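Chain and residue survey
Listed here are the chains, written in short residue letters.
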Amino acid sequence: MNAHQERPTDGRLAGSRVALLATHGFEASELYRPLTALRDAGAEVSIISIAKSADEIRGWDEDDWGDTLTVDGTVDDHGSEEFDALVMPGGVMNPDKLRMDPEAVTFVRNFFEESKPVAAICHAPWLLAEADVAKGRRLTSYPSLRTDLENAGAEWVDEEVVVDNGLVTSRNPGDLDAFIAKMLEEIEEGVHASQRSRS
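Quick summary incoming for the structure in this document.

Rules used in this analysis
- Residues numbered from 1 in each chain as written.
- Predicted model: local features only at pLDDT ≥ 70, side-chain atom pairs only at ≥ 80, totals over all residues.
- Heavy atoms only, no water.
- Core = buried A, V, L, I, M, F, W, Y, C linked by side-chain atoms within 4.5 Å.
- Buried < 20%, exposed > 50% of the residue type's maximum accessible area, 1.4 Å probe, protein only.
- Helix = DSSP H or I, 4+ residues; strand = E, 2+ residues; numbered from the N terminus.
- Contact = heavy atoms within 4.5 Å.
- Pairing = 2+ DSSP bridges.
- Patch = residues over 30% accessible without salt bridge, like charges linked within 9 Å, V, L, I, M, F, W, Y side chains within 5 Å.
- Areas by Shrake-Rupley, 256 points an atom, 1.4 Å probe, with all protein chains shown as cover.
- Salt bridge = Lys/Arg side-chain N within 4 Å of Asp/Glu carboxyl O.
- Lys, Arg positive; Asp, Glu negative; His and termini not counted.
- Charge placed at Lys NZ, Arg CZ, Asp CG, Glu CD.

**What about the nonpolar core?**
A general trend in soluble globular proteins is that nonpolar side chains are found buried together. Core analysis: the largest hydrophobic core is formed by 32 residues, its most contacted members being Leu 38 and Met 183. When residues of this core are assigned to their parent elements, the largest contribution, seven residues, is made by helix 6 (residues 176-189). When residues no more than four places from it in sequence are discounted, the contact partners of Leu 38 are Leu 13, Val 18, Ala 43, Val 45, Val 87, Met 183, Leu 184 and Ile 187. Core analysis: the next-biggest nonpolar cluster, separate from the first, contains 30 residues, Phe 83, Trp 126, Leu 127 and Leu 128 among them.

Set out below in structure tokens:
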């Protein structure tokens, strides 16, 4: 799939630069639907991955491998200072690989240090625990992550979307409508002074 197809935009996020962090095994709907919504709103979105992913990453589409997606760069080549917000899709394999990459973990942590909006769905909040930015945050995730996130100091709740000072989280693909609406809203609001790591 070509991630750079031209689409009409509503201009809501014109001028915003968004990093979409993913690697092999991302949940297809959790990447493509937010990607489309961001570009429809006028944001410039870059697909950022890890060095091991080479130039393309392949999604997981419900119960089998899906399309491949061209990567725009890696966490080794791009820093958080180049972007206004971070979006992270889930899928079991994708965040599990990302949280084992020190550069990816640092990349995520830096968005919090810079008080920028972050949106993470399904298994993606694993990276929040690994980056030590979950402490004191109210959030949600795929239910199997609850213990990991609570052990990292988060207040875990079972809701379709949770917003906590620029951090947007949701549980699964069924929550995408609510997740995308809040993601766009928080990115439009910009820097959140309370987004910084509380650890």
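**Regarding the sheet that holds strand 5 (residues 64-70)**
Strand order in the open sheet made by the three strands is 2-4-5, with mixed pairing throughout. With one partner strand each, in any of the chains shown, strand 2 (26-27) and strand 5 form the two edges of the open sheet. Of the pairings in the sheet, the one linking strand 2 to strand 4 (residues 56-61) comprises two bridges and is parallel in character. Opposite Phe 26, over in strand 4, you have Gly 59 as the bridge partner.

**Points about unusual backbone geometry**
Its identity is not glycine, yet Ser 115 carries a phi of approximately 60°, on the positive side. Within the element layout of this structure, Ser 115 appears in the loop between helix 3 (102-113) and strand 8 (118-121). Even without a glycine there, the phi angle at Cys 122 is positive, about 65°. Relative to the elements of secondary structure, Cys 122 occurs in the loop between strand 8 and helix 4 (126-130).

**Structural notes on a negative patch on the surface**
A cluster of acidic residues, Asp 61, Asp 63, Asp 64 and Asp 67, forms a negative patch at the surface. Here Asp 61 is to be found in strand 4.

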